[in-house]
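# Chains, contacts and geometry: an overview
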Amino acid sequence: VDLTRHAGWDDFQAARTASSCRSRLVLLTSKGATDYRDFAFAAGDILLLGRESAGVPYDVHRAADARLRVAIKTELRSLNVAVAGAMVLGEALRQLR
C-alpha cells in the first residue's frame, strides 16, 4: 500500500490530477447506488471512506468516479466504517488477485 497524507481535499485532488496514471476515486457511501459486489474494481482504484458520523461533503460525492454501498438490513443505520472498508477492500483484492 502506498500511503500519502494530504493537507486537505484540494491538495489530494491536485495530486490526483497531476498523476500520470489517472486513478478512479471510489467512494463508499450509504447513499451509493451500486452494491460493492457488483462493481468491477481496477488496479489503481482509490477507496475513499468518510467519517462515520457525517460521511463526506457534497463536493467529494461529486468528484467520485463511483459511489458504492454495502447492503445491510433496512432497520440498521450503518456499518462501522472500518468493517465496511475491510469488506470492500477484500472484494477488490479478490477480483484483482
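Every value quoted in this text rests on a predicted model; they were computed, and no experiment measured them.

The four strands lie next to each other as 2-4-1-3, forming an open sheet whose pairing is parallel. Whereas interior strands pair on both sides, the edge strands pair on one side only; in this sheet they are strand 2 (34-35) and strand 3 (46-49). The pairing of strand 1 (residues 25-28) with strand 3 spans four bridges and is classified as parallel. Within strand 3, the residue paired with leucine 25 across the bridge is isoleucine 46.

A word on the nonpolar core. By size, the foremost hydrophobic cluster in this structure holds eleven residues: Val26, Leu28, Tyr36, Phe39, Phe41, Ala66, Leu68, Val70, Ala84, Val88 and Ala92. For this core, the elements supplying multiple residues, two or more each, are strand 1, strand 4 (66-69) and helix 3 (81-96). Considering each element in turn, this core owes the most residues, three residues, to helix 3. Residues in contact with valine 88, not counting those within four places in the same chain, are Leu28, Tyr36, Phe41, Leu47 and Val70.

Thresholds applied
- Residues numbered from 1 in each chain as written.
- Predicted model: local features only at pLDDT ≥ 70, side-chain atom pairs only at ≥ 80, totals over all residues.
- Heavy atoms only, no water.
- Pairing = 2+ DSSP bridges.
- Helix = DSSP H or I, 4+ residues; strand = E, 2+ residues; numbered from the N terminus.
- Core = buried A, V, L, I, M, F, W, Y, C linked by side-chain atoms within 4.5 Å.
- Buried < 20%, exposed > 50% of the residue type's maximum accessible area, 1.4 Å probe, protein only.
- Contact = heavy atoms within 4.5 Å.

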